[in-house]
Amino acid sequence: LFAGMTEFVKGVVAMDGLPPADRMEVCFAGRSNVGKSSLINALTGHKALARASNTPGRTQEINFFTLGEKGYLVDLPGYGFANAPLPVVEKWQRLLKQYLSGRQTLRRAFVLIDARHGAKKVDEEIMSLLDTAAVTFQVVLTKVDKVRASELDKSLDVTRKVLAKHPAAFPALVLTSSEKGDGIATLRSIIAGID
Ligand code: GDP
């Protein structure tokens, strides 16, 4: 499903640019710098697959990758950019809302959260959008190699309390490190199990 079968399809800036909704898709969301590109690269086994989405000019695009014939893996633009001009943020939010609420084939969103911090306010905002759009979401903690067990417990605690407030939240969290490989196989099999 992943290695060798994942290809960049296109970057989308408006709803009419979406590829045909002819297969299942999962999307990845997270604040800028959370480790989203690294995770997508680790999942797909491509070194530079998601780099395109981090180059200037592409950061506001919704990037589509194939999951073999089975589906699409969708990389949403990173959020929480403190310095972005308001019109940019508003345009992004509009597209994101349209995509989340209008995409019939979207099966699950993975919301990435830094294991050092746990869920923050900006993460809650996206979770609320997902609630409204009735898109089931699952939290993926990133960079677990960077935290001690006690810090991880604290982040898990904070995050679980937040999740309890969100009806669209899937209860199980996935702990990952793109650096060390933790949780990558688990996440692959979760995605492979989604119809
Ligand atoms: P994005 O902006 O969410 O796409 O984040 P990137 O994937 O570009 O990662 C942001 C920074 O975090 C980079 O310096 C990465 O090398 C680092 N990073 C990403 N994932 C991990 C991880 O699992 N462990 C560690 N230690 N660093 C990571």
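One can find the structure itself at the top, above this paragraph.
Basis of the calculations
Residues numbered from 1 in each chain as written. Predicted model: local features only at pLDDT ≥ 70, side-chain atom pairs only at ≥ 80, totals over all residues. Near = placed C-beta within 6 Å. Helix = DSSP H or I, 4+ residues; strand = E, 2+ residues; numbered from the N terminus. Nonpolar A, V, L, I, M, F, W, Y, C, P; charged D, E, K, R; others polar. Expected span 1.5 Å × (residues − 1). Buried ≥ 20, exposed ≤ 12 C-beta atoms within 10 Å, placed from the backbone. Arc of directions from axis to C-beta. Contact = placed C-beta atoms within 7 Å. Pairing = 2+ DSSP bridges. Axes fitted to C-alpha atoms, helices over the stretch in contact; angles between N-to-C directions. Right-handed = clockwise from strand over helix to strand, strands pointing away. Core = buried A, V, L, I, M, F, W, Y, C linked by C-beta atoms within 7 Å. Parallel < 35°, antiparallel > 145°, perpendicular 65-115°, else oblique. Left-handed = near helix turned anticlockwise from the far one by under 90°.

1. Section: the site of the ligand
Logical step 1: The environment of the ligand is made up of 17 residues, and the closest members are Gly35, Lys36, Ser37, Ser38 and Glu179.
Logical step 2: For the shell around the ligand, the element with the highest residue contribution is helix 1 (residues 36-44), accounting for three residues.
Logical step 3: Here the residues of the shell around the ligand are counted per class, giving one nonpolar, 11 polar and five charged.

2. Topic: helix 3 (residues 121-133)
Logical step 1: Under the 1.5 Å per step criterion, the end-to-end length of helix 3 is 19 Å for 13 residues, consistent within 8% with the ideal 18 Å.
Logical step 2: Looking only at helix 3, the buried set comprises Asp123, Ile126, Met127 and Leu130. Viewed end-on, helix 3 has its buried residues packed into an arc of 105°, placing them on one side of the element.
Logical step 3: In this structure, the buried side of helix 3 is in contact with strand 2 (24-30), helix 2 (86-102), strand 5 (106-114) and strand 6 (137-142).
Logical step 4: Residue Ala134 follows helix 3 closely and has a positive phi angle near 55°.

3. Examining the sheet that holds strand 2
Logical step 1: One open sheet holds the seven strands; their spatial order is 1-3-4-2-5-6-7, and the pairing between them is mixed. At either end of the open sheet lies a strand with only one pairing partner, and these are strand 1 (8-12) and strand 7 (174-175).
Logical step 2: In this fold helix 3 packs onto strand 2, strand 5 and strand 6, with an angle of close to 170° to the strand it touches most, strand 5.

4. Digging into unusual backbone geometry
Logical step 1: At Ala134, a residue that is not glycine, the phi angle is positive and equals roughly 55°.
Logical step 2: C-beta crowding within 10 Å serves as the criterion here: with 10 such atoms nearby, Ala134 is assigned to the exposed category.
Logical step 3: Although it is not a glycine, Lys143 sits at a positive phi angle of roughly 60°.
Logical step 4: With respect to the helices and strands, Lys143 occurs in the loop between strand 6 and helix 4 (149-163).
Logical step 5: What makes Lys143 buried here is the crowd of 23 C-beta atoms within 10 Å.

5. Some remarks on the pairing of strand 5
Logical step 1: In terms of residue burial, strand 5 counts as a mostly covered element, since seven of its nine residues are buried.
Logical step 2: Examined bridge by bridge, strand 2 and strand 5 share six bridges and lie parallel to one another. Looking at the pairing, Val26 lines up with Arg108 of strand 5.
Logical step 3: Judged from the six bridges that link them, strand 5 and strand 6 form a sheet pairing that is parallel. Bridge pairing in strand 6 places Ala109 opposite Phe137.
Logical step 4: This β-α-β element, strand 5 to helix 3 to strand 6, shows right-handed connectivity.

6. Thoughts on the nonpolar core
Logical step 1: In this structure, Cys27, Phe28, Ala29, Val74, Val111 and Leu112 are the most contacted members of the largest nonpolar core, which totals 42 residues.
Logical step 2: No other element matches strand 5, which puts six residues into this core.
Logical step 3: Those residues within four positions of Leu112 in sequence are excluded, and the remaining contacts are Phe28, Ala29, Gly30, Val34, Gly35, Lys36, Leu39, Val140 and Thr142.

7. What to know about the packing of helix 2 against helix 3
Logical step 1: Running from amino to carboxyl end, helix 2 crosses helix 3 at an angle of 40°, the nearest separation of the two axes being 8 Å. Here helix 3 runs oblique to helix 2, going by the angle between their axes. With respect to the hand of their crossing, helix 2 and helix 3 are arranged in right-handed fashion. Contacts from Leu96, Lys97, Leu100 and Ser101 of helix 2 reach helix 3 at Leu129, Leu130 and Ala133.
Logical step 2: Its residues placed into classes, the contact of helix 2 with helix 3 shows five nonpolar, one polar and one charged.

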